[in-house]
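# Overview (structure and organization)
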Amino acid sequence: MAFLIPCPNCGERGVTEFRFGGEVNPRPAPSASSDEWTSYFYRRGNTSGLQTEWWYHRYGCRKWFLAKRDTTTNQVTETRWP
Amino acid sequence: MALTQNGNRLPPRPGEAIDRSHAVSFTYNGRGIRAFAGDTVASALYASGVTILSRSFKYHRPRGLLCAAGRCPNCLVTVDGVPNVRACTTPVREGMAVRSQNAWPSVDTDALNVIDKFDFAMPVGFYYKTFHQPKLMWHIAQPIIRRLGGLGAVDITADPESHYHHDNRHADVAVAGGGPAGLSAAIAAASAGAKVVLVDDQPSLGGHLRFDPSRHADVPGLKAGKGPELAAQLTEAVRASSRIQVIAGTVFGVYQDNLVAVLTRDSVIKLRAKRLIVATGSNEVPHVFENNDLPGVMLSTAAVRLAYLYGVKPGRKAVVACGDDYGYRAALALQGAGVKIAAVVDARGGFPASMSEAQALRDSGVRVLNGYVVIRAEGPKHLSAVSLCHLREGVPLTEELRLDCDLLATSGAFEPAAGLLHQSGGRFAFDEALGEMLPSDLPRGVLVTGEVTGIRDLRANILQGRVAGLDAASSFHVLSYEVRQDLARLRHDLAEALAAYRAHTTRSSPIADMPGKKRFVCFCEDVTVKDVAQAVDEGFADIQSLKRYSTVTMGPCQGKMCHRSFVHLCAAKTGQSVQKTGSTTLRPPLAPVPLGALAGHLHTPIKRTPVDKRSRDMGARMTDLGPWRRAHVFSNPEEEALAIRQRVGIIDVTSLGKLDVRGKDCGALLDKVYTNKMSDLQAGRIRYGLMCADSGTILDDGTVSRLALDHFFVTTTTGNVEAIEEWVRWWTAGTNMCAHVNNVTAAYAAINLAGPKARDTLRKLTDMDISADSFKYMRFGQGHVAGVPAILLRIGFVGETGWEIHFPAEYGEHVWDALLNAGEEFGIIPCGLEAQRILRLEKKHIIVNQDTDSVTTPLEADMEWAVKFDKEDFVGRGGIRAVKERGIRNKVVGFVMRDGLVPEDGDPVVMGGSPIGRVTSSRFSPALRKGVGIAYVPADYAEEGRELLISINGRTEPATVTLKPFYDPEGERLRA
């Protein structure tokens, strides 16, 4: 993996500076059913194509942000603050 | 052998790479070899009469210099114990020890060459076919074949420490290749303002110009001159530019978004470029005929290189075989270097009368044979003659012509060195007119220039280079009006040059279907035309599966010598067009890369505390704890533990993770990430915190101190702080709370001062009121200790009156010394990690990740008291609640042995001979004089006084469950 990610704070940097935080996965309300919680824990969309996901600029500004990445090409089309 | 020890050096010539005033000597198989500075191992050996450099992979056939450019597998040797080094690009160094490999008893007379006679036993794909009946046969044959075949041997006793380092570079424009096109591109890009990094793998810049003796008058922007003079002009312009950086190395990979991987002599460079210009030129490739691997048969560029770069006579009497104009130039060059040309053999039917070099050659009396091809080289160990046959309309006739010679220079077969374009995702199309696969579709950010485009014309290549350089720079710099005018003119000139080149270029097809045995397509793995044909007959007609079955293009040259012949041969055998046949996929690495270079340094940073040196000076034995180095034991862990129980001791706990959390919402944030409530903590107080994942499993624990309404000081377990910092920051980002988390672990030193005499010791160093009534357990204070500003946490991991003193790390040794001095009268001693582990175990305090694992929830850890379900929401609530509803299966319990027996961490808890749980920590308790520990057992065992059986060294020993701390169960000493 060698693609570039434009950090909203630091600009374009190599992927090895970042930690992947997984696809965005909304957390159920505390009162949600156990099925919803199970789904939150274990089920992922595993999209082929554009996916919104969390990234953390570990060796940079140490900020979490959201990135839209094409999972088939690793092209990051958009990054923004949550 | 035709060549002798001393007669092979030519007279000095301007532009040569060697320095004849500087002698270098080294050994080859123990024999002394004299060379000059600037020689390569191969040129020095060839000058000394060594023409057999290696033995082939499978048949152990003698192999000599073929490409002399670091492409082919023929000159792999072992240098100073490092196997598979290319002799032809490795500069000589004084005293280096070079050895040949894969031969017995010697590379000159290799007894294993007998395998050559048994080739019928090793047809293509033999490992699927032969030696399989009976079944046992393969098990006997395979290790022998493994031993006989192959390359050099790795010295496993050598020092494993890699001497390679890794380096990151950035450039606007990266140029791969330092030939005329690459240099021109670099100069043009830099002139337009771009920061350029140029990578070239040859000993000096200039590419083929360095050994091109012909005079070039019509090169735009350069003064007329011979090749080396033009190379010098270009090199000078590159050196003069402050924007161009030159790296001597090999580009072995291109990855996404133009990450260019470069291997140098001692490093791997990760070069990130906005634009990549591929100017890798072309590789000359061997002709295919019988015995085409015989020493003495080499590529024409190799022969010319030897003569012009290294002043080595490649042979006495040469035949030059060619299929295009380049052969005449090579022949003229060799003649100019003093090699007698026996004949030029041109596969094309007509003499190229319009070519001045060809005319000059013929006028000098050289025999030119048009419409002939070489069908056989004759040996046995070095070339002594070649047999030719006449072609009529591409079909070989039976009549033969035999010429005596000791050098056959083959020319006219080139292939674009397009590996980097393959890797970066470029597409290729077969150009019928030029007879080559040429780049047709380039990926974003990649440009291509020079001979890699199939155009082998100096004027055109230099124009291409300039255009590419300006194009690359223009994609992120605004070009000035003058430069744009210049670019337009260059484009126009280039279009004309390309049209002219195409108009007069004809190339012959590389393979006429000729007779003969042992016609090698692949030199790396000894694959012949017959092998490939047989594989096609067996059904492997598709180029990709044919590659995998026959292993052609899969050896050390990675297709650089064989790919073109292979594709054409496959096309001919299957009756498909070359375009339809396609090509194999070239993947990184483009050239062999030592594993040590990829690994880089054994780089494991160690974090040392501010009292690391002091501890070692005091005799501490050190140990690793996560990334930290900690004092393990100073004197004796049990004595150290007793000192804290009875008197006073200090422990360096700097490695504890420390987070500074501030902001309006910091209370809410900590409520979210900890299972217990933090927002109602009063300023000045401390609370134990347990952190879980949403699934309910324990992540971390530590203390939370409220410094102010909007300011907390949080500690985490050693080595976990980076992960916890990221975790807390993630929840901050995800919930949009106004809170700021700062990792201050290394900024603060921390010393735990504990024991009945801790207060007396501390009182001497601080003006704070530390009496039991005013500085209570689970409170903290801010003040000075030994004059240093500090935060003092009154907590009790070890179970005695004590303070965890956090202060700026710079004062580590000062405070450490001050505490030891102040406590001297009370018998203070420094204590290590082992004593701390004993003391905490006596208090039955768990260590996250030691006594818990990745599925342990607070319920299993017997810490439900730290979980506040009445909070609105917190991370882990859903998971812990689900476990609570389901009921727990296992639980963490304490146990006491009957006597001083101590199980090992990890020993099984058994029932009826089967394991039902495990010991997670255990130590001998100096306070109880018994073995104590923590075990993970089925939940129904978690009853005070229940008996457990623990298997220690195969013997089952009884232990008693206890749910309270073993020592001071009510915590009176802690609060004292």
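Right above here is the structure, for reference.
Computed from a predicted model, the values in this text were never measured in an experiment.

When helices and strands are tallied, chain B shows 25 helices and 50 strands. Relative to a compact globule of 976 residues, whose C-alpha radius of gyration would be 30 Å, chain B shows 38 Å and is clearly more extended. In terms of principal-axis extent, the alpha carbons of chain B reach across some 115 × 80 × 55 Å. Within chain B, the fraction of its 976 residues that count as buried is 50%. Within chain B, contacts between residues separated by at least 24 positions form 66% of all contacts whose residues are at least 6 apart in sequence.

Attention now goes to the overall build of chain A. Secondary structure summary: chain A contains one helix and six strands in total. Across chain A, helices and strands are ordered from the amino to the carboxyl terminus as β-β-β-α-β-β-β. Taken over the C-alpha atoms alone, chain A extends approximately 40 × 25 × 15 Å along its principal axes. Split into buried and exposed, the 82 residues of chain A put 11% on the buried side.

Moving on, we get to helix α11 (residues 481–504) of chain B. Taking 1.5 Å as the rise per residue, α11(B) with 24 residues should run 34 Å; its terminal C-alpha atoms sit 35 Å apart, in good agreement. Contacts from the buried residues of α11(B) go to α10 (458–474) of chain B.

Residues and elements named next belong to chain B. Cis rather than trans, the peptide bond between glycine 379 and proline 380 has omega equal to 20°. A cis amide bond links proline 588 with the next residue in sequence, proline 589, at an omega value of -5°. Here proline 589 is to be found in the loop between α15 (578–581) and α16 (595–599). Although it is not a glycine, methionine 778 adopts a positive phi angle of roughly 65°. In this structure methionine 778 comes out as partly exposed when scored by C-beta crowding, with 17 C-beta atoms within 10 Å.

All names here are of chain B. Of all hydrophobic cores here, the largest spans 112 residues; its most connected members are Val320, Leu334, Leu408 and Val521. Among the elements that take part in this core, helix α6 (residues 300–310) stands out by supplying eight residues, more than any other. Shared between two domains, this core holds at least three residues of each, these being domain 1 (19–108 + 286–410) and domain 3 (519–589). Look past the residues within four positions of leucine 334 in its chain and what remains in contact with it is Ala303, Val304, Ala307, Ala318, Val339, Ile341 and Ala409.

The partner chain A presents 15 residues to the 17 residues of chain B that form the contact. Here the element with the most residues in the side of chain B that touches chain A is helix α20 (residues 721–735) of chain B; it accounts for five residues. Taken together, the residues of the side of chain B that touches chain A break down into five nonpolar, five polar and seven charged.

Quick notes on the rules
- Residues numbered from 1 in each chain as written.
- Chains lettered and ligands numbered in written order.
- Predicted model: local features only at pLDDT ≥ 70, side-chain atom pairs only at ≥ 80, totals over all residues.
- Helix = DSSP H or I, 4+ residues; strand = E, 2+ residues; numbered from the N terminus.
- Rg over C-alpha atoms; globule rule 2.2 N^0.38 Å.
- Buried ≥ 20, exposed ≤ 12 C-beta atoms within 10 Å, placed from the backbone.
- Contact = placed C-beta atoms within 7 Å.
- Expected span 1.5 Å × (residues − 1).
- Core = buried A, V, L, I, M, F, W, Y, C linked by C-beta atoms within 7 Å.
- Domains from an automatic or database assignment.
- Nonpolar A, V, L, I, M, F, W, Y, C, P; charged D, E, K, R; others polar.

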